[in-house]
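Here are the chains, one letter per residue:
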Amino acid sequence: MIKYWIEGGGKLNGSVAISGAKNAAVAILPATLLVNGTCRIENVPDISDVRLLLEILSNMGARIRRLGRNTLEIDCSHVRNVTAPIELVRRIRASYYLIGVQLGRFGHARVAMPGGCNFGVRPIDQHIKGFEAMGATVEQAGGYVCADAPEGGLLGGHVYLDIVSVGATMNILLAAVLSGGLTIIENCAKEPHIVDLANFLNAMGAKVSGAGTDIIKVRGVRQLRGGFYTIIPDQIEAGTYMTAAAAVGGNVLVENVIPKHLDCITAKLREMGARVTEYDDSIRVESSRRLRRANVKTMPYPGFPTDMQPQIAVCMALAEGTSLVTEGIYDNRFRYTGEINRMGASIQVESKTAVIDGVRQLHGCEVRACDLRAGAAMVIAALCAEGTTVIEDADYIERGYEDIVGKLTGLGAKIRRTEDRSAPAEESVG
Ligand code: EPU
């Protein structure tokens, strides 16, 4: 078990470089299984979710060479269609992308259902609806999803998603790339990582159009060849450092970002009184006074991301007045509020809304990260708090934040990491 020990009270100053996008990387790495040749991928975040996926790929026979901390060469020309080990699959939700890629490349997939869930039921019915629209037969039994393409491979298909789903959009896209026809996905998600996956696939020879709009069209091709690709910067990691600077106070330049992807976070922090300045590929956040109250509702992109909900809630927990946070994506993403309340916050959850009465000060204590973004929120709360906070189960945080301890230390934070290898780490999803 990893623990963070944080001494709060200081300001954050300096610059921090943002790594590649986790939720793009966790789709692009499985996508290399569709490619007959070597993919050279840059800006791959060095996080535990990526390491897990690489283990799964290498189990299937992928040849992986690390050319630096963030550059990988992956050759999947000779992969075997094997069922990925359940103990790896259940630790990362993105393993559901194996269904799309194995179905697309081999015509058959058997993948364990991704592990338990920290914020409510997370079905994959929309993914399955897409595979079936392409002619696949899909069954769920004994904790596994088994999918079979018709003789001769997947056909094109037309699917209208009932729910705007990032995972379903990407998975159907992955399955469709090598299919024998035209696939149309309507009411699809528009997140930057969806555009990134489509750009990666196109760079390898796919024919995907419309990514970033409500309708994606995929014209199946016979095969993908190798190529070179650079993953976009992580919108949520950038937003996390922006909210940290706003809540803790100080002057932080967040570098290597696409400011457009951060518009809704920039707007919310400005509304709350932080000074946010955009440059071509960086954003400066300055904050010297107590923030003002605000309301936020999480929505699919370009709305306010659910993955920033806990972090902005910490800003509100210390702001002047009463703020409302409404969760529009998940049934239950407020579990972390109990931990922040133990630090002195005043947050009441009523169904899908958290009512946050801003307090002047939080106090350090022992808290437990209950998922990735909840953990990030606890780090921000700890940096604001008086005294020492110990965050247990920080393993969750390292699933999605590359070198968060080093990056925060570079901004002047007092944060220390300990690892107890005898204590069981969290079982994770994402
Ligand atoms: N949903 C269904 N049926 C489906 C698919 C989704 O009902 O077939 C529901 C979900 O239960 C949820 C909503 O639709 O209520 C949206 O879920 P979505 O499919 O968009 O989420 P996801 O693909 O499972 C990804 C990210 C999450 C992020 C969400 C929303 C990955 C691996 N995970 O999950 O990231 O919260 O999109 O943007 O890309 C994180 O990074 O901390 C994280 C949890």
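Summarised in this report is the structure supplied together with it. (Residues numbered from 1 in each chain as written. Predicted model: local features only at pLDDT ≥ 70, side-chain atom pairs only at ≥ 80, totals over all residues. Heavy atoms only, no water.)

1. Quick notes on the environment of A381
Considering the arrangement of structural elements, one finds A381 in helix α12 (residues 372-384). Relative accessible area serves as the criterion here: at 0%, A381 is assigned to the buried category. Ignoring anything within four residues of it in the chain, the contact list for A381 reads V314, I340, M343 and L362. (Helix = DSSP H or I, 4+ residues; strand = E, 2+ residues; numbered from the N terminus. Buried < 20%, exposed > 50% of the residue type's maximum accessible area, 1.4 Å probe, protein only. Contact = heavy atoms within 4.5 Å.)

2. So, the site of the ligand
Close contacts around the ligand come from 26 residues, with Y96, Q126, S165, D307 and I329 the closest. Side-chain polar atom of N23 to an oxygen atom of the ligand: 3.2 Å apart, as the coordinates give it. A distance of 3.1 Å separates an oxygen atom of the ligand from a polar atom in the side chain of R122. Only α1 (22-31), α5 (125-133), α6 (166-176) and α12 provide two or more residues apiece to the shell around the ligand. Among the residues forming the shell around the ligand, the class breakdown is twelve nonpolar, seven polar and seven charged. (Near = heavy atom within 4 Å. Polar contact = N/O pair within 3.5 Å; in protein donor to acceptor, adjacent residues only side chain to side chain. Nonpolar A, V, L, I, M, F, W, Y, C, P; charged D, E, K, R; others polar.)

3. Things to note about the pairing of strand β22 (residues 388-392)
Taking burial as the measure, the five residues of β22 include four buried ones, the bulk of the element. One ladder, built from four bridges, connects strand β1 (residues 2-7) with β22; its direction is antiparallel. For Y4, the partnering residue across the bridge sits in β22 and is I391. Two elements, strand β21 (residues 366-368) and β22, share three bridges in a ladder whose sense is parallel. In the sheet register, E366 faces β22, and the bridge partner there is V390. At this point the chain moves from β21, through α12, to the parallel β22, and the crossover so formed is right-handed. (Pairing = 2+ DSSP bridges. Right-handed = clockwise from strand over helix to strand, strands pointing away.)

4. Brief notes about the environment of T353
Position of T353 among the secondary structure elements: in strand β20 (residues 353-357). Placed 347 residues apart in sequence, T353 and I6 show a C-alpha to C-alpha distance of 29 Å. Leave out the neighbours within four places in its chain, and T353 touches L324, V325, T326, F334 and Q348.

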